[in-house]
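Residues per chain, in single letters:
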Amino acid sequence: MVILIVVHLNISVYTHCMQTIPINTYNSPTIISELIMRLKIKDVMTRSLISVPMGTTMREVQKLMREKRITGVPVVDNKRLLGIVSMDDIIQALDFGYIEEKVEDHMSSNLILLDEDMPISFAIKYFDRYRYHRFPVLNKEKELAGIVTTRDIITRLLWEINNEVDSLERENLAVASSEGISLEHQVYPVRKLDFENAGHASTEIKKTLKQSDLFPRTIRRAAIASYELEMNIVVHSNGGTITAQYFPDKVIIIGEDTGPGIENLDEALKQGYSTATEWIRSLGFGAGMGLPNVKSVSDDFSITSTPEKTIVKSTILFSENEKKNLDKRS
Amino acid sequence: MVTIEQVQQKLNLKVLTMGEGSTPISSAYTSDLLSDVMANGEEGGALITIQGHKNSVAVASLIGLNTIILCNGRLPADDMVEAAEEESIAILVSQENQFTVSYKLAALLGLCN
């Protein structure tokens, strides 16, 4: 693998030729914000590095650069990063005649280092602020763990965004094909991490139920079940649908998604168990109450989950008195 | 019976949208977890929280809360106020924290014995 490393102390070299990465955590679409918070630098960085120990001469590094076609080499002492010899340093050495001298005397040692556990949003901010193309990355033990480049980040983001667009396209197809369903059967698409429109399906279902003479308690139970199922799709899945089926004696609410599935069903039904990220928790979700809430308001509850599909079905029965009311009306 | 308007005046709350100001507030629930609010909030009540985004309005509307009191001077996203206007839910802001707002409101509602 070819590794390129350049660390310039002269920042102005790059300022005129590099654009900032146009995404961030405060005004990018939700999916992007979540993505750059969730992905860590260690998920995108290049790990296999060519490095040299102290005592190596600048000449040897120059040869290494030519052979391996790289433009910078880290100098390490027992995995500890001491500095980086860049192409610029080599040119200076040739110019000023110290190419035979040792790297520790002429390497760039005033480096900006990143931590491998930082989210990539951090790296993006640093790339924009300092205009370097790459940063050395350290692990918890402060050892050199890799190098992260703008290209690493952009490639991974494009890969993730491709997946997102792909699933959006498939969802749109699914919605188009579900049109023309009778009034007794409503289907609402729910998108992954779409907090903007979250709650729409539940609100519509509540409106429909309110038009009948159902008891407020029953409507509330249906609203709770549909909202929690809807939020589960938003928070945990790749996207899916909420379906409401209306019958004379009950309403059935079905949350269906296209993966990635629930790994431990028993745990997921316990209060307090959650796989949500910190960011989602900060919005007030992911407290591990969703499925237990649905279960507690349902007269009948079922769940099946595979990595391709999770289906949760909640049935809410109407009481005898409610049924009488409904009969009178019709 | 204490109305939204009375609560707003007595607790010195900033009005972002008034909802139906003359409606009474019957109870309140204090939480930042929306599933918790969903499970335990009562119709006709107020929500005391720091969650200043649209999803709080969705939850309030679904279970019939008529007021959201945002604490610690939190200012919500613009789309939250718009959503609340549509649903006729009041959004009021307090400079105080959830605990303080809760006991003051409890006293006002006559729930402290």
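Residues numbered from 1 in each chain as written. Chains lettered and ligands numbered in written order. Predicted model: local features only at pLDDT ≥ 70, side-chain atom pairs only at ≥ 80, totals over all residues. Heavy atoms only, no water.

1. Digging into the environment of S35 of chain B
Here comes step 1: With respect to the secondary-structure elements, S35 of chain B resides in helix α2 (residues 34-40).
Here comes step 2: Distance in space between the C-alpha atoms of S35 of chain B and V59 of chain B is 8.5 Å, their sequence separation being 24 residues.
Here comes step 3: Residues contacting S35 of chain B, with those up to four places away along its chain left out, are E228, G284, M289, G290 and N293 of chain A.
Here comes step 4: A polar side-chain atom of S35 of chain B sits 2.9 Å from a polar atom in the side chain of E228 of chain A. (Helix = DSSP H or I, 4+ residues; strand = E, 2+ residues; numbered from the N terminus. Contact = heavy atoms within 4.5 Å. Polar contact = N/O pair within 3.5 Å; in protein donor to acceptor, adjacent residues only side chain to side chain.)

2. Description of the interface of chain A and chain B
Here comes step 1: Contacts between the two partners involve 22 residues from chain A and, on the opposite side, 23 residues from chain B.
Here comes step 2: Both faces combined, the contact of chain A with chain B buries some 1700 Å², and carbon together with sulfur accounts for 52% of it.
Here comes step 3: On the surface where chain A and chain B come into contact, there are 1 salt bridge.
Here comes step 4: Among the elements of the structure, α9 (200-210), α10 (216-236) and α13 (290-297) of chain A are those that each provide at least two residues to the side of chain A that touches chain B.
Here comes step 5: Residues belonging to the side of chain A that touches chain B are distributed by class as follows: 11 nonpolar, 7 polar and 4 charged. (Buried area = accessible area lost by both parts, 1.4 Å probe. Salt bridge = Lys/Arg side-chain N within 4 Å of Asp/Glu carboxyl O. Nonpolar A, V, L, I, M, F, W, Y, C, P; charged D, E, K, R; others polar.)

3. Observations concerning helix α3 (residues 54-63) of chain B
Here comes step 1: Counting buried residues along α3 of chain B, 9 of its 10 residues qualify, which places the element largely inside the surrounding structure.
Here comes step 2: By the burial criterion, the buried members of α3 of chain B are N55, S56, V57, A58, V59, A60, S61, L62 and I63 of chain B.
Here comes step 3: Tucked into the core, α3 of chain B has its buried residues touching α9 and α10 of chain A together with α2, β6 (67-70), α4 (78-87) and β7 (90-93) of chain B.
Here comes step 4: After α3 of chain B finishes, the residue G64 of chain B shows a positive phi value of roughly 80°. (Buried < 20%, exposed > 50% of the residue type's maximum accessible area, 1.4 Å probe, protein only.)

4. Comments concerning the sheet that holds β6 of chain B
Residues and elements named next belong to chain B.
Here comes step 1: Taking strand neighbours across the sheet as the criterion, the 5 strands line up as β2-β7-β6-β5-β4 in an open arrangement whose pairing is mixed. The open sheet has two edge strands with one neighbour each: β2 (14-17) and β4 (28-30). For this sheet, the mean angle separating the axes of adjacent strands, direction not counted, is 20°.
Here comes step 2: Pairing of β2 with β7 involves 3 bridges; the strand directions are antiparallel. What sits directly across from V15, in β7, is L92.
Here comes step 3: Helix-sheet contacts for helix α5 (residues 98-108) involve β4, β5 (46-49) and β6, and the interaxial angle to β5 is about 155°. (Pairing = 2+ DSSP bridges. Axes fitted to C-alpha atoms, helices over the stretch in contact; angles between N-to-C directions.)

Functional significance is not addressed by these values, which are geometric in nature.
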